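If you want the building blocks of each chain, they are given just below.
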Amino acid sequence: PPATLVVRGEVLILLKDFAALNQKLAAAGEATFANPRNAAAGSLRQLDPRITAQRPLHLFAYSIVAADGPTPPTQRESLAYLRALGFPQPEEIATCETLEAVSDYCFGMHARRPNLGYEADGLVIKINDLATWTALGAVGGRPRAAVAYKFPAQEAVGLHGRETLRS
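Residues numbered from 1 in each chain as written. Predicted model: local features only at pLDDT ≥ 70, side-chain atom pairs only at ≥ 80, totals over all residues. Heavy atoms only, no water.

Caption draft 1: Quick look at the overall build of the chain. When helices and strands are tallied, the chain shows six helices and eight strands. Each helix and strand of the chain, placed in order from N terminus to C terminus, yields the pattern β-α-α-α-β-α-α-β-α-β-β-β-β-β. The principal-axis extent of the C-alpha atoms belonging to the chain is close to 50 × 40 × 30 Å. Of the contacts made within the chain by residues no fewer than 6 positions apart, 56% connect residues no fewer than 24 positions apart. As displayed, the chain offers around 11,100 Å² of accessible surface, 56% of which is attributable to carbon and sulfur atoms. (Helix = DSSP H or I, 4+ residues; strand = E, 2+ residues; numbered from the N terminus. Contact = heavy atoms within 4.5 Å. Areas by Shrake-Rupley, 256 points an atom, 1.4 Å probe, with all protein chains shown as cover.)

Now the structure itself:
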């Protein structure tokens, strides 16, 4: 690896780890978390780093922000490079050659969503060529070369009838 490598990623708690965390908190008489996303975010905001260190946090690395030396020219090659360095990534990453393939992948992932080992509220569709990515720039801090595909909100039956869960 280069002497300096800055990566961007997402911190999360896997569903199996979330259940164990809530059991541990409940056994200690502490408040439990409503969902893994809140638990991960709350863990990162802890003022006491010892508490954060005890939480079952995982990182999915998804881009190189800066590095000493050359970096791969595509998103796909960047992900492979990060994986080779030991940075974890979800298995559900795909490269699509057409808009139809992107659409098919989005609908397929929506169907697979309940079987993922983590909560997901959608996908991020990115242009693979990083030179094109840079040329497209950003508007309001959001890159033009990426778009979010959001899954429909999940619904569950709660104490007060049907409720929409934002996940």
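Still more to cover.
Caption draft 2: Molecular detail of the packing of aromatic side chains. In the structure shown here, the tally under the stated rule is three aromatic pairs. The interplanar angle of 80° and the centroid separation of 5.5 Å between the aromatic rings of Phe60 and Tyr118 together place this pair among those described as edge-to-face. Taken together, the residues span a long stretch of sequence, with Phe60 in strand β2 (residues 58-67) and Tyr118 in the loop between α5 (99-112) and β3 (122-126) at a distance of 58 residues. For Phe60, a relative accessible area of 16% gives the class buried. Here Tyr118 falls in the buried class, since its relative accessible area comes to 15%. A ring pair is formed by Tyr149 and Phe151, whose centres lie 5.9 Å apart and whose planes are at 85°; its orientation type is edge-to-face. What links up through ring pairs into an aromatic cluster is the set Phe107, Tyr149 and Phe151. (Phe/Tyr/Trp six-rings, centres within 6.5 Å; stacked < 30°, edge-to-face > 60°. Buried < 20%, exposed > 50% of the residue type's maximum accessible area, 1.4 Å probe, protein only.)

Caption draft 3: Summary view of helix α2 (residues 36-44). Here α2 has its buried residues at Pro36, Ala39, Ala40 and Ser43. Along α2, the residues classed as buried sweep out an arc of 95° about the axis, all on the same side. Backbone nitrogen of Arg37 and a side-chain oxygen of the N-cap are separated by 3.1 Å at the start of α2; the cap is Asn35. (Arc of directions from axis to C-beta. Polar contact = N/O pair within 3.5 Å; in protein donor to acceptor, adjacent residues only side chain to side chain.)

Caption draft 4: Examining the side chain of Arg113 more closely. Tracing the sequence through the fold places Arg113 in the loop between α5 and β3. Buried charge Arg113 goes without a salt bridge, the closest partner of opposite sign being Asp121 at 6.8 Å. For Arg113, the side chain forms a polar contact with the main-chain oxygen of Ala120, separated by 2.9 Å. (Lys, Arg positive; Asp, Glu negative; His and termini not counted. Salt bridge = Lys/Arg side-chain N within 4 Å of Asp/Glu carboxyl O.)

Caption draft 5: Examining the pattern of salt bridges more closely. Per the stated rule, a full pass over the model turns up five salt bridges. The shortest N-O distance in the salt bridge between Asp48 and Arg50 comes to 3.1 Å. One salt bridge connects Asp121 with Lys150, and the closest N-O pair in it is separated by 3.2 Å. Taken as a pair, Asp121 in the loop between α5 and β3 and Lys150 in strand β6 (residues 146-150) lie far apart in primary sequence, 29 residues in all. Look at Lys150 and you get exposed, because its relative accessible area is 51%. Each of Arg37, Asp121 and Lys150 takes part in salt bridges that share partners, so that together they form one network.

Caption draft 6: Local environment of the side chain of Ser78. Within the secondary structure, Ser78 sits in helix α4 (residues 75-84). Of the polar contacts made by the side chain of Ser78, one reaches the backbone oxygen of Thr74; its length is 2.9 Å. Not counting residues up to four positions away in its chain, the partners in contact with Ser78 are Ile64, Pro72 and Leu130.

Caption draft 7: View of the environment of Ala146. Tracing the sequence through the fold places Ala146 in strand β6. The class for Ala146 is partly exposed, based on a relative accessible area of 23%. Once residues lying within four places of it in the same chain are set aside, the contact partners of Ala146 are Val124, Ile125, Lys126 and Trp133.

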